[in-house]
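Descriptive structure summary
Here are the chains, one letter per residue:
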Amino acid sequence: MSVRRARPQMSKQLELPWGNRGEAPKAPRSEEALTASHGNERSGTSGLMEEMLERRNLQAALKRVRKNKGSAGIDGMTVSELPDHLHEHWPRLREQLLTGTYRPAPVKRQLIAKSGGGMRELGIPTVLDRFIQQALLQVLQPRFDPSFSPHSYGFRPGRSAHQAAKAAKRFVQEGRRVVVDVDLSKFFDRVNHDVLMGRLAKRIEDTTMLSLIRRYLQAGIMSVGVVVERHEGTPQGGPLSPLLANLLLDEVDKELEKRGHAFARYADDCNVYVRSKRAGHRVMALLRRLCAKLRLRINEEKSAVDSAFKRQFLGFALWAAPGGVVKHRVSRKALGRMKARIRLITRRTRGRSMRQIAEELRSYLVGWRNYFRLAETSRVYRDLDEWIRHRLRAIQLKQWKRGRTIFRELHARGMSRDMSARVALNGRRWWKNSAMGIHIALPNRYFDELGVPRLAA
């Protein structure tokens, strides 16, 4: 496509037909719409819907949805198709949003494996509904977030899992060596709609917006072509779900704050740090009461009052260095998940070139290393580096296949004739051979040049 032909299409996507503000178009309304919007000074027109539909907010929402990408919902519309759809249908959609007649589409059910076993259910909204939810989020989050607890770190601007992990380490360093580790059972699937809407109604006067949020909560789930009604839960997958989760659990945060407890919460993962097990059991009883009030369930099998050094939080565990200094390490569970992923990437039966394997490793390891950069266990990282390169050397031997090829390649890369011959004679013992001095022929520098990152660097 030439630049001249592409320019009108770009202009069309950037200049969508939403007005300077959120006013509905000057088209005659139906009698039902007029009735719904008449005389609603407190019940529906506090201005939040109009603010949501302002041009600047909509442009920012569209930009965010396009940046996040993501898969299509039940209608099959992709992110790249959204601007054209809005250009054609926005006046009608805006009228429906302002008059409270818009109906969200059901979400698409998608199951993903959980690290601890079992499956997690995601609900993927259509691209259009993700756009509307994002516009809602941008109006509500600045209003809600300042009132949330400073001990809440999940899905909030300027806050992160690293900050939560650092807070946990600080509490333990201060002498709170017992943790009340609470796991909420299927939290996002079991949020009670009436309880959540009651909390929202205390903060939002605009009933048109409240009705829209309730419709999103109650939008059905499509599975194998059948739409199933939903009476509880706020499925993970939409932009609005994390904010609603924080709003609901803020009540728990405030009660813990009022009692002076030291805690860190990231979404539905909450740890409270105390100085004795007796105090820990009192806190656990309190949390059971608070969750029951919100109609949430605690997973008793995964929750515990235990030593802070025996539990993990957000993938990190704690250990006491000499001098009593508390430090982070990668939890055993997180290490197990990481090794399982590396084994999958470096399986010798995948039929991929070394360069392709190195590229996939780099994509995974850079993100993993960045997340676990708080861990102060350099020996663990060195051991992982050795193990990964051991696997890569085994892959290279297998790809050379025949003994004659193995001998030629190893000898050409600096190994002695005797050592090259010994490896070639046992050419199918890939794992054992990859530890027999092959680092001479395939040194760490070789993998550095392929772009495989070093965790201990």
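It should be noted that the structure appears before, not after, this text.
Residues numbered from 1 in each chain as written. Predicted model: local features only at pLDDT ≥ 70, side-chain atom pairs only at ≥ 80, totals over all residues. Heavy atoms only, no water.

One finds Met-52, Phe-131, Leu-200, Ile-213 and Leu-287 to be the most contacted residues of the largest nonpolar core, which totals 70 residues. If you look at the next biggest cluster of nonpolar residues, it comprises 39 residues, including Ala-375, Ile-395, Ile-406 and Ala-441. (Core = buried A, V, L, I, M, F, W, Y, C linked by side-chain atoms within 4.5 Å. Buried < 20%, exposed > 50% of the residue type's maximum accessible area, 1.4 Å probe, protein only.)

Approximately 520 Å³ is the volume found for the second largest pocket. Split into classes, the residues belonging to the lining of the second largest pocket amount to 9 nonpolar, 8 polar and 4 charged. (1 Å grid on protein atoms, 1.4 Å probe; cavity = no way out; pocket = protein on both sides within 12 Å on 5 of 7 lines; lining within 4 Å. Points joined across faces, edges and corners; volume = space filled by probe spheres on them. Nonpolar A, V, L, I, M, F, W, Y, C, P; charged D, E, K, R; others polar.)

Our focus in this paragraph is the packing of aromatic side chains. Summed over all chains, the structure comprises 10 aromatic pairs. With a centroid separation of 4.8 Å and 90° between ring planes, the pair formed by Tyr-371 and Phe-372 is classed as edge-to-face. Since its relative accessible area comes to 27%, Tyr-371 is described here as partly exposed. A residue is classified by how much of its surface remains accessible, and Phe-372, at 6% relative accessible area, is buried. Pairwise contacts between aromatic rings join Phe-316, Trp-368, Tyr-371, Phe-372 and Tyr-381 into one cluster. (Phe/Tyr/Trp six-rings, centres within 6.5 Å; stacked < 30°, edge-to-face > 60°.)

So, about the packing of helix 8 (residues 193–201) against helix 10 (residues 241–258). Between helix 8 and helix 10, whose axes approach to 10 Å, the crossing angle comes to 85°. As judged from the angle between their axes, helix 8 and helix 10 are roughly perpendicular. Across the interface between the two elements, Val-195, Leu-196, Arg-199 and Leu-200 from helix 8 touch Leu-244, Leu-247, Leu-248 and Glu-251 from helix 10. Taken together, the residues that form the contact of helix 8 with helix 10 break down as 6 nonpolar, no polar and 2 charged. (Axes fitted to C-alpha atoms, helices over the stretch in contact; angles between N-to-C directions. Helix = DSSP H or I, 4+ residues; strand = E, 2+ residues; numbered from the N terminus. Parallel < 35°, antiparallel > 145°, perpendicular 65-115°, else oblique. Contact = heavy atoms within 4.5 Å.)

Here we take up helix 15 (residues 403–412). Of all the positions in helix 15, only Thr-405, Ile-406 and Leu-410 are classed as buried. The buried side chains of helix 15 occupy one side of the element, clustering within an arc of 120° when seen end-on. Opposite its buried face, helix 15 presents the exposed residues Arg-404 and Ala-412, each directed more than 90 degrees away. (Arc of directions from axis to C-beta.)

With that settled, the discussion passes to unusual backbone geometry. Of note, the phi angle at Phe-155 is positive, near 55°, even though the residue is not glycine. Turning to its location among the elements, Phe-155 is positioned in the loop between helix 6 (127–144) and helix 7 (161–173). Judged by relative accessible area, which is 43%, Phe-155 ranks as partly exposed.

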